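Take a look at the letters that make up each chain.
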Amino acid sequence: MGLGMDRNRLFDTPASVDSKTNKKISSLPGQAIWQAVREHLKEVLSTADYERWIADLKLIAEVDGKIVITARDRLSFDRVSADHRHILQRIWKEHDDARRDIRLVCWKDAGADLRAITEDPWAEAEPEAAAGGAGNGTGGNDGGATSAARPSSGAPEMTFGTLVTGKSNAISVELAKRVADGQPVGTQVHLISGPQGTGKTHTLLALRTRAMETNADATVVYLTAEEFLSAYTDGVKAKDTSALKKRLRSATILLIDDLHRISGKPGTETELFQNIREVTGQGGNVVLAGDKTPGELAGFSPRMMSELKGATVVEVALPDEDMRRDIIRRLARHIEQAHPEFVLDEALIERIHTGIRGPGRELTGAVWNLFTEAGFGTMAPTSDMLERVIRRMEGEVRAPTIELVKKAAMKVFNVSKADLESPSKARSVVYPRQIAMYLCREQTHKSFPQIGRAFGRRDHTTVLYAHRKLSKELATDQELAADIARVAAAILEMQAAGNH
Ligand SMILES: Nc1ncnc2c1ncn2[C@@H]1O[C@H](COP(=O)(O)OP(=O)(O)OP(=O)(O)O)[C@@H](O)[C@H]1O
C-alpha cells in the first residue's frame, strides 16, 4: 500500500499571507502524506467507520502551520470530531516528518480565508459518489449501496460468518437471520438495542447480505438515522423529498441504524415514522438499531414511542469473555491469511482481552493497531508492540466526564464549581469557563446542549460560541493554547489518579 512513501515530499505551494488575519496560508499541502494517512486509517478503522466518516474528508490547506482537513457537512464534522479526531491526528503525525497539527473544519462553516484559496472540494465529485454518501438516503441492494456496506481492503466483510455469536447477541442474530430469510417473527418492526461497539451495525449489514443472497425479490435499504436526517433536511431545503420517500418505500426490508441520533427532531421523526408505516403496510419488515431501549429513549413523540413500544425489542449486551477472545482470534486469523507473518498467539490474544476494556469495536481496533505496529503485518507481533498499542488506546479512548473537565479547570484557574456554573461575566470566570466548555466539547463526546446544561443550564449556543471562538483564537494565541494544555494535562493527571 506504499505507506511511508513520499513522507518527506510535501507538495506545498508557496505560502501567502491573509491581509485581514495575518495568517500564513498555502493550499494543497502534503497531499501525498494525506494519501498515506488515508490508507493507514483504512487499515485501523472498521470498514463502516472508514467509508462512512473518513473517505469523504478533504485536505484543503495549511494555515499557520496547521493542516486543515474539512468535512462536507456538520453531521460528518461532529462525528469525526467526536470519534476520530485523535486517531486522525496521531496517524498524521506518524507520517508527517514535520509533525504538524491538524485542524478539522466543517466546510459549511469555513471562513472566508479558506474559501478564498480553495473551491468547494466536493464540487467535482461525480454525481453517483456524491449521491451515495450521507446525502440522499439511498443504500439499497441495487448498486446504490450505502457507504457502510462498501468493501474495503483488509477488514472482513460484516456478515454472519464474521460475527461472533454468543449469549450476549444470540437472540438479535436469530432475529436478523429470520428477517433476512423472510420467516415470520411476530411483529414487522424490530429494534436491536445495546451499548456502542457491540456489533449492531455488523448485524444489520449481515442481515442485508444474507437477504440479498437468499431472496432475489428482496429490496433491502440500509441507512443510518443521520443519513436519513441529512437526506430529509436536504429534501426539505430543495422542497422535494419525493426521491427519499420513493427509495425508502420501495424497501421490503428497511434497516435504520443509530436510531437514537434523531430523537428530539420532530419533523424528521414524523417522516421516518410515515416511511416505517408505509413499508410495514406493504408487508415489509423494518429493523431499527440504537443504543437505547424504547423505555430509555427520550425525545421521541408519543406516536413514535408507541410504534417503538409495539416493536419486538432484542437487546445486545457486552460480549462475554469467550466471545471477546473469539472476536480477537477471528480477526487475527482473517488478517493472517493475507499476511502470514502476522500470527497472534494465545498469550497475545489473552493480553488484548485483559488490556482493552471496551467492547467489540475496541478489541478489533486493538488488533488493527497491532497489525500497524507490526509493520502492517510484515513482522510477527510481539508483546512490546502490544503494550505500546494498549497504552496508546487506553489513553485515547477514555473520555473524561464533564465534571472531571470542570474539576481540572477549577484546579488550574483556582475558581469554584459555582463560578463555572454562575452567570458571572467577570473575565476571571468567563475565561476558565470557556476553556472548560471548549475541552468538554473536544474530549467528552457530549453534545453542545448537554454541555450547556452542565454549565448552569446555559443555552447550547453559548457553548457553541465559546467553542468556535477558542478554536479560532487558538491558532494565534499562544497563551490561550498553553492554558488549554494545562487544563488538558490536569485532566490526564486526575484520570491517572483514578478520577473520572
Ligand atoms: N460479536 C462480534 N463479532 C465480530 N465483530 C464484532 C462483534 N461485535 C463488534 N464487532 C466489531 O466491532 C466493530 C464495531 O461494531 P459495530 O459498528 O457493529 O457496533 P455498533 O453496536 O453498531 O456500535 P454503535 O452503537 O457505536 O454504532 C465492527 O468492526 C464489528 O465488526
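Residues numbered from 1 in each chain as written. Predicted model: local features only at pLDDT ≥ 70, side-chain atom pairs only at ≥ 80, totals over all residues. Heavy atoms only, no water.

An unreviewed UniProt entry annotates the protein chain as Chromosomal replication initiator protein DnaA originating from Hyphomonas jannaschiana VP2. You can read under Sequence similarities (unreviewed entry) in the UniProt record for the protein chain the words "Belongs to the DnaA family." (UniProt positions renumbered as here; feature names shortened; annotations may be inferred.)

(A) Fine view of the site of the ligand. Neighbouring the ligand are 19 residues, the closest being Val 164, Gly 197, Lys 200, Thr 201 and His 202. Within the backbone of Thr 198, an N or O atom sits 3.0 Å from an oxygen atom of the ligand. In the environment of the ligand, an oxygen atom lies 2.8 Å from a nitrogen or oxygen atom belonging to the side chain of Thr 201. For the ligand, the accessible surface in isolation is 630 Å², of which the surrounding protein chains cover 92%. The set of elements that each furnish at least two residues to the shell around the ligand consists of α8 (200–214) and α15 (360–373). (Near = heavy atom within 4 Å. Polar contact = N/O pair within 3.5 Å; in protein donor to acceptor, adjacent residues only side chain to side chain. Areas by Shrake-Rupley, 256 points an atom, 1.4 Å probe, with all protein chains shown as cover. Helix = DSSP H or I, 4+ residues; strand = E, 2+ residues; numbered from the N terminus.)

(B) Fine view of the sheet that holds strand β10 (residues 312–315). Taking strand neighbours across the sheet as the criterion, the five strands line up as β7-β8-β9-β6-β10 in an open arrangement whose pairing is parallel. With partners counted over all chains shown, the strands left at the sheet margins are β7 (220–224) and β10, one partner each. Across the sheet, the mean angle from the axis of one strand to that of its neighbour is 15°, orientation sign disregarded. For β7 and strand β8 (residues 253–257), the ladder comprises five bridges, and the chain directions are parallel. Paired with Val 221 across the strands is Leu 254, a residue of β8. Sitting on the sheet, helix α9 (residues 225–237) is in contact with β7 and β8, with an inclination near 90° to β7. (Pairing = 2+ DSSP bridges. Axes fitted to C-alpha atoms, helices over the stretch in contact; angles between N-to-C directions. Contact = heavy atoms within 4.5 Å.)

(C) Seen up close, unusual backbone geometry. A positive phi is found at Lys 239, a non-glycine position, where the angle reads about 55°. If you trace the backbone, Lys 239 turns up in the loop between α9 and α10 (242–249). Its identity as a non-glycine residue notwithstanding, Asp 258 has a phi of 55°, on the positive side. Residue placement: Asp 258 occurs in the loop between β8 and α11 (266–281). Under the relative-accessibility criterion, Asp 258 is labelled buried at 11%. (Buried < 20%, exposed > 50% of the residue type's maximum accessible area, 1.4 Å probe, protein only.)

(D) Examining the side chain of His 260 more closely. Within the fold, His 260 resides in the loop between β8 and α11. In this structure the side chain of His 260 is engaged in a polar contact, spanning 3.0 Å, whose partner is the backbone nitrogen of Asp 291. Once you skip the residues sitting within four places of it in the chain, His 260 turns out to touch Gly 290, Asp 291 and Leu 297.

(E) Highlighting the pattern of salt bridges. Scanning the model with the defined rule gives 24 salt bridges in all. A salt bridge links Glu 278 to Arg 249, with the shortest nitrogen-to-oxygen separation between them at 3.5 Å. Taken together, the positions of Glu 278 in helix α11 and Arg 249 in helix α10 put the pair 29 residues apart, joining distant regions of the chain. Under the relative-accessibility criterion, Glu 278 is labelled partly exposed at 32%. Among the ionic contacts, a cluster of salt bridges with common partners joins Asp 326, Arg 329, Arg 330, Arg 333 and Glu 346. (Salt bridge = Lys/Arg side-chain N within 4 Å of Asp/Glu carboxyl O.)

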